[in-house]
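# Inside the fold
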Amino acid sequence: MKRPNGTYNGSSGYIVSDELRNSVNIAIALQKPLLIKGEPGTGKTMLAQSIAESLGMELIIWNIKSTTKAQEGLYVYDTVQRLYDSQFGDQDVSDIKRYIKMGKLGEAFLAPSPVVLLIDEIDKADLEFPNDLLWELDQMSFYIPETKETIRTKHRPIVIITSNAEKELPDAFLRRCIFHYIEFPNAEAMEKILAVHHPNLERKLLEQAMDSFYMLRSLHNIQKRPSTSELIDWLQALVIGGISPNRIKKELPFLGVLLKKNEDLDLILQQLAGKSQSRNAMSRYR
Amino acid sequence: MFTRFYYELKNQGLPVSMNEWDALLEALEAGLSGSSLTGFYFLCRAVLVKSEAHYDRFDLAFARFFEGVETPEGLPDKIWEWLNKALPAREISEEMRRNHQQLDLDELKRMLEERLKEQQEQHHGGNYWIGTGGTSPFGHSGYHPGGIRIGGQSNNFSAVKVAGMRRFQEFRSDETLGVRQFQVALRKLRQFTSRLEGAKTELDVDATIDKTCQNAGRLELVWERPRENSIKVLLLMDAGGSMISYSRLCNQLFSAVHRSSHFKDLKVYYFHNCIYDWLYHTPECRVNDYTSTSHILNNLSGDYRVIIVGDASMAPSELLRQGGIIDWDLYNDRAGIEWLRDLRHQYEYSVWLNPIPRKYWEWVEGSYTIKKINEVFPMQELTLDGLEQAVSALRSRQRVARAT
């Protein structure tokens, strides 16, 4: 089995911090899965794409849902198709191999060149799910009883796993991973990220929008704090709407793009209304 | 050689296993730390720490263990001024590396002190005075292997500094957090009926199709026992005056419990400071809207999980005396503590959550009653960590208190 070689240095469409880049390279060198956690919208899923792009590898994505079973990632034995063929088709059904379909993990193992395997949102699945994959991820091989075959990797894939921390992952699983928590980017890093998405943004507009954004994030009574992707969308909306930078802080236009919860929206609108009322009152007093 | 560091991490309560330690040593062998303390810091963290909740503990352990590896501080302001005007960075060749003799730290410090006394003005690009660029051991943006960097921008933070900043403090799981986190913690409070008991009443579609196909198409039904959560919860909340300062926290827990739809049954009652003959239906504790405590004791079976939320702080008489109840127009025949013992006796799976942080339990006004109640109920503070511990305590039978 060959080690995937090469080191990850980030790619053009994705800003990576030094810490994260280190973690990726450690995981590649130690041949362990890299477990990524972080607030929604910090680019956990994008990381795998960036690694694949930077190292020139194919990316295989396994999206986990609450009903996903570990077995599906390995292979599925399509007994129904085989039965159908035996009754109505003129196919040869004695070859079981034809009815074994590889899952995403199996696909990654059998790929002719090294690949990046992204197991996205592993915490969505059942509590036992990660434990069911321990052996396969450790040994990078599994056995198919129906055909008495063992599937082994030719090239060890780079495994990236993301989690939103909806469930604690089992300790045995964690012990085998390299872990990295993506921090929410500070203003400086955020500017770099925004420059990738909106290269020709007016300076003043950017500053005003960022100020308002971090102000909203710093409020304690907000239930769902806006994230990077929402800020990017908001900037888009501000540009398309042709909003003048001076109005941004005062009016927070298109607030619904940033805040997705009714309670949060109401709260901010109330505060805004309160401010403008007191301002009106002040001017009347004068 | 870092074995002591391993124990320091353990001391800070980090669950580091030998597997991970082995992986770290392997990584060091492979030179992944880049032979700098900063590289070592990030390497250790990536390999050893598996939750952002533990980053802070790791930082503390790291800072404590590698203390004293920091760059010296407290230099005259004038020197900072000189250093603020920097020369562009210079290329470093192998030859330069060889030409420099390594100075040890004490020697460096001594030289720096001397130089501080001698130097009166700015110097940039030389090899003796404190300044930017150049190859003097003192200053920044220059090159001297093992010199002392004074100010300027290092490409890397000193690792001890990074650790010392404790940026991950707010992720500590013993901090109080929001509804969502409470919900996640409560989600662990479940116990599925096992697949071994009960009637097989659920059609297992997948297994049926599989079996049928392997039977060459002759239908074979496969039945499965349904699995459902069998946990029933009784939540008792203190609505007394002293709880007002914790109302936000309690509200968060309350909404988390309510949103957790996975309990088989959920019953909520309120009490004022301590539990006596009555448990009220609303937080206002109106005297005509209650269920008697003995009715609950008789009718709710012992497999209810009981969570009591209260600050457990009251006058000792309220807890220990007959007629000690705080409400003027009421009288209790039995002391509050007796009722608590009865509850504890009936419900082996029970915990007391206290919104007062654990470290103050011995110092607040109600410390005496907190201690008394803690003898009856296992008590946890109302934080995410405390709730998690409470939940795991509720999953298994707890020792019934000695005093009866």
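Residues numbered from 1 in each chain as written. Chains lettered and ligands numbered in written order. Predicted model: local features only at pLDDT ≥ 70, side-chain atom pairs only at ≥ 80, totals over all residues. Heavy atoms only, no water.

Our next topic: the overall build of chain B. Each helix and strand in chain B was counted, giving 16 helices and 11 strands. For chain B, buried positions account for 45% of its 404 residues. Of the contacts made within chain B by residues no fewer than 6 positions apart, 69% connect residues no fewer than 24 positions apart. Approximately 21700 Å² of chain B is accessible, and the part contributed by carbon and sulfur atoms is 48%. (Helix = DSSP H or I, 4+ residues; strand = E, 2+ residues; numbered from the N terminus. Buried < 20%, exposed > 50% of the residue type's maximum accessible area, 1.4 Å probe, protein only. Contact = heavy atoms within 4.5 Å. Areas by Shrake-Rupley, 256 points an atom, 1.4 Å probe, with all protein chains shown as cover.)

To continue, consider empty space enclosed by the protein. Residues and elements named next belong to chain A. All chains considered together, the criterion is met by 6 cavities of 30 Å³ or more. Computed from the structure, the largest cavity encloses a volume of approximately 90 Å³. Lining the largest cavity are 11 residues, and of these Q31, K32, P157, I158 and V159 sit closest to its centre. Contributions of two or more residues to the lining of the largest cavity are made by helix 1 (18–30) and strand 8 (158–163). Looking at the lining of the largest cavity residue by residue, the class counts come to 8 nonpolar, 1 polar and 2 charged. (1 Å grid on protein atoms, 1.4 Å probe; cavity = no way out; pocket = protein on both sides within 12 Å on 5 of 7 lines; lining within 4 Å. Points joined across faces, edges and corners; volume = space filled by probe spheres on them. Nonpolar A, V, L, I, M, F, W, Y, C, P; charged D, E, K, R; others polar.)

On to helix 11 (residues 228–241) of chain A. Residues lying three or four places apart along an α-helix face the same way, a consequence of the helix completing one turn every 3.6 residues. Residue and element names in this part refer to chain A. Compared with the 20 Å implied by 1.5 Å per residue over 14 residues, the 20 Å span of helix 11 between its first and last C-alpha is a close match. Against helix 9 (187–197), helix 10 (203–218), helix 12 (245–251) and helix 13 (255–258) lie the buried residues of helix 11. In the segment just after helix 11, G242 is the residue with positive phi, at about 60°. (Expected span 1.5 Å × (residues − 1).)

Residue and element names in this part refer to chain A. Among the 6 residues that make up strand 8, 6 are buried, leaving the element largely enclosed by the rest of the structure. The alternating pattern of strand 8 places I158, I160 and T162 on one face and V159, I161 and S163 on the opposite face, and all of these are buried. Relative to strand 8, strand 5 (residues 115–120) runs parallel, the two being bridged by 4 bridges. Each bridged residue has a counterpart across the sheet, and for V116 the counterpart in strand 8 is I158. (Pairing = 2+ DSSP bridges.)

Residue and element names in this part refer to chain A. Where helix 10 meets helix 11, the axes come as close as 11 Å, and the angle between the chain directions of the two elements is 140°. In terms of orientation, helix 10 lies oblique with respect to helix 11. As for how helix 10 packs across helix 11, the hand of that crossing is right-handed. Of helix 11, the residues touching helix 10 (which contributes L205, L206, A209, S212 and F213) are T228, L231, W234, L235, L238 and V239. (Axes fitted to C-alpha atoms, helices over the stretch in contact; angles between N-to-C directions. Parallel < 35°, antiparallel > 145°, perpendicular 65-115°, else oblique. Left-handed = near helix turned anticlockwise from the far one by under 90°.)

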